[in-house]
Each structure stands twice: as structure tokens, then as C-alpha cells.
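# Examining the three-dimensional arrangement
Given next are the chains, with one letter for each unit.
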Amino acid sequence: MTKRLETITMFLFVAIIAIILFIIFVLDCDFILKFKEKFGAKPEEKLRGKVVWITGASSGIGEHLAYELAKCGCKLVLSARRKEELEIVKGGCVALAGDRSLVTDVLVLPLDITECNKHKDHAQTVMNHFNRVDILVNNSGRSQRGLVLDTPSVDVDQAMLDINVIGPVSLTKAVLPHMIKQKSGQIIVTSSVAGKIGSPGQATYSATKFAIQGYFNTLRMEVNEHDIGVTLVCPGPVQTDVVANAFTEDVNKQFKEKAVVQHDSKRMPPERCAHLMAVAMANRLDEVWISPNPILLFVYISQYCPVLYDWFAKRVGMKQVRRMREETESRKKE
């Protein structure tokens, strides 16, 4: 009887693991976010009329998030360095809102996220226009592709920290007093799966995202009493120019031409990523993972079975290192 019970228990255990792995493998976001997408608060209902400030809004995830929120009837502040591109995004937002008979107000506010001395003035500009900031989306950032041993200078590391960590922290500090005064608010931070698991060729990028995770996880606890939520969004590969614009081993050189990385079928469409971010915002989730597989599966394994992930990562990582060395040599010859 005991042996039979052990057999049944083992069978059920294996079956459950198989089902979980199957579900993870066909999902493009974590379990909780998927559940909220189906049964939780709807963005078009929960976010309507909210004042949302998006940085990095001129392209990629930020641009498509602006479109998604325009369809929800949000009032938007669009920020990035390139004013011309922001005006184009604004036109798209107004058109989308108009198609749904929604009234939207879009403020174009160019800024450089690394110019921290101007952040308080930018925040005051938003307050003068809308009288409040309901949601700040810290989406500005830059990626990196380069092996540590091939990057002797710390110039790239310093630039990455300024853009991906110090800038968002500074802008958040400029906005928080206004949210505390209005006794509500939400901080959204575009982190990355690279903030959960490391990957060869992205040491500094991962370091900045790990830093973001630690800082804003702590901030969430400190501002909870003021009814201010903090949501960390961890996307995996998305069809944007983030890789094309990434730093290399040289702070003055980008990784590769944009045409090479656009429309990669292995990457998530930015529209889908933006929709899932809106769901996370509407449901005030603490942290969400948004990624196609197998990356999503790797994040789950790393989170719940780190020993297995470490064993696997060391072996796969060596292949990535060799491939990156070949790419580096190829770029040097061009």
C-alpha cells in the first residue's frame, strides 16, 4: 500500500511539474499578470482620465505604451530627447483617442534623463499643466553589448549607470513630493529580465537593472503608507531598436544597424508588451515578467530553482561568449 501511494504521489508530482512547464512555455508573461489580464481590472476602465508621464516615449516600448494609454483615455506627458519624434507620437495618440471618442490632452516635454538638475523644473511644468501626476513611467534607458574583458575603460559603465539608474531615481525624487501631497500615485519602472538573470555581454546593463530592482523594491515599502504603488516591469526581448542603439565596448559606438534587429520573430511585438504593461498598471502589481519563451522559463527556473539555473547558465553562457567574440572581431574588421 505504501509503495503504491509513493508511486501515485510521484506520478502526480511529475504530472504537476509537466503541466506547469507546459503552461510557462506557452505563456508570454508571468502567471499573475496573465490571470489579471483575463479576470482583473481593465486598463480602459481603471486608467481613464489618469495623468501619466512617460519617459523614453519617442520610440519602442514607451511609444507604444503611449498609444495604449491614449486608447484608455489617459492624459499624457511624453518625454525624451527628440522633440520631433515626440510630436509624431503625440499625433498618433490624439488620433487613437479620437477614434474612440475620447478626449485626451498630450503634453510634449523634451528632457535628457541624465540632466538631473532640471528634473524638479520638469516636474513643476507637468504640475502647472495638469495640476497632478497620477503615474510616472520611468522608461528611459539604454542597453549594452560587450564582454567585460573587452571593455577596459569604465566610461561605458558610468554612462549606463547615469542613464539607467541615477536618471530614473532623480526624476522619481522630483515627482514623489507631488504624489505625497495628493496622497496617491504610482511609479512604473521599466526594468528587464536582465535584472533577474545575468547574461554574457550585458554585465553593466544587468548591473543597472539589478540596482533598479533593489532601489524600487525598497521604495515600495517606504511609500506604501502614502498610497503610492511601485511596479517593476521586467520585459524580455522586444521588437525595438534597443539592441541597435546599445553601447558596445566603446562608449562612442553603437552595436549594429537598426535594420538588422527590427521585426525579429523571436522578440515580442511592442504593442503586446505595452498592453501587458497597462494591465500591470491598472492592477497595481508589484512586479511583472513579460517575455516570450524560453526566456520566461529561464526566469522561473532562476527564481525557484537557482542551483539548476546556475548549472545551465554556465554551459550556455560559454556559447554566448564565443559568439560575442566572433561578432566583436567582425565589427573591428568593418
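Our structure is the block above this text.
Since we're looking at a predicted model, the values are computed, not measured.

### A few points about the packing of aromatic side chains
The final tally for this structure, using the stated rule, is 6 aromatic pairs. Each ring, one from Tyr300 and one from Tyr304, has its centre 6.0 Å from the other, and the planes form 25 degrees; the classification is stacked. You can see Tyr300 and its partner Tyr304 sitting in helix H11 (residues 295–304), 4 residues apart, about one turn around the helix. Given a relative accessible area of 61%, Tyr304 falls into the exposed group. Through a chain of ring-to-ring contacts, the aromatic side chains of Phe31, Trp289, Tyr300 and Tyr304 assemble into a single cluster.

### Quick notes on the nonpolar core
Buried together is how nonpolar side chains tend to be arranged in soluble globular proteins. Membership of the largest hydrophobic core comes to 40 residues, with the highest contact counts inside it found for Leu69 and Leu76. Put simply, the parts of the chain that give this core at least two residues each are strand S1 (51–55), helix H4 (60–71), strand S2 (75–79), helix H5 (83–99), strand S3 (106–108), strand S4 (135–138), helix H10 (270–282) and strand S7 (287–290). Per-element tally for this core: the top contributor is H10, with 9 residues. Residues within four places of Leu76 in sequence aside, it is in contact with Val52, Ile54, Ala66, Leu69, Ala70, Cys93, Asp105, Val106, Leu107 and Phe130. If you look at the next biggest cluster of nonpolar residues, it comprises 36 residues, including Val77, Met160, Val169 and Leu232.

### Quick look at the environment of Glu37
Within the secondary structure, Glu37 sits in helix H2 (residues 31–39). It is 8.4 Å that separates the C-alpha atoms of Glu37 and Ala280, two residues lying 243 residues apart in sequence. Here Glu37 is in contact with Lys42, Arg272, His275, Leu276 and Val279, once residues within four sequence places are set aside. Within the local environment of Glu37, its side chain forms a polar contact with the side chain of Arg272, the two groups lying 2.6 Å apart.

### A short note on helix H7 (residues 155–182)
When the terminal C-alpha atoms of H7 are compared, their 40 Å separation across 28 residues agrees well with the 40 Å that a helix rising 1.5 Å per residue should span. Along H7, the largest kink reaches about 40 degrees and is centred on Asp162. The positive-phi residue at the C-terminal boundary of H7 is Lys183, with phi of around 60 degrees.

Rules used throughout
- Residues numbered from 1 in each chain as written.
- Predicted model: local features only at pLDDT ≥ 70, side-chain atom pairs only at ≥ 80, totals over all residues.
- Heavy atoms only, no water.
- Phe/Tyr/Trp six-rings, centres within 6.5 Å; stacked < 30°, edge-to-face > 60°.
- Helix = DSSP H or I, 4+ residues; strand = E, 2+ residues; numbered from the N terminus.
- Buried < 20%, exposed > 50% of the residue type's maximum accessible area, 1.4 Å probe, protein only.
- Core = buried A, V, L, I, M, F, W, Y, C linked by side-chain atoms within 4.5 Å.
- Contact = heavy atoms within 4.5 Å.
- Polar contact = N/O pair within 3.5 Å; in protein donor to acceptor, adjacent residues only side chain to side chain.
- Expected span 1.5 Å × (residues − 1).
- Bend = angle between axes of the 7 residues up to and from the residue.

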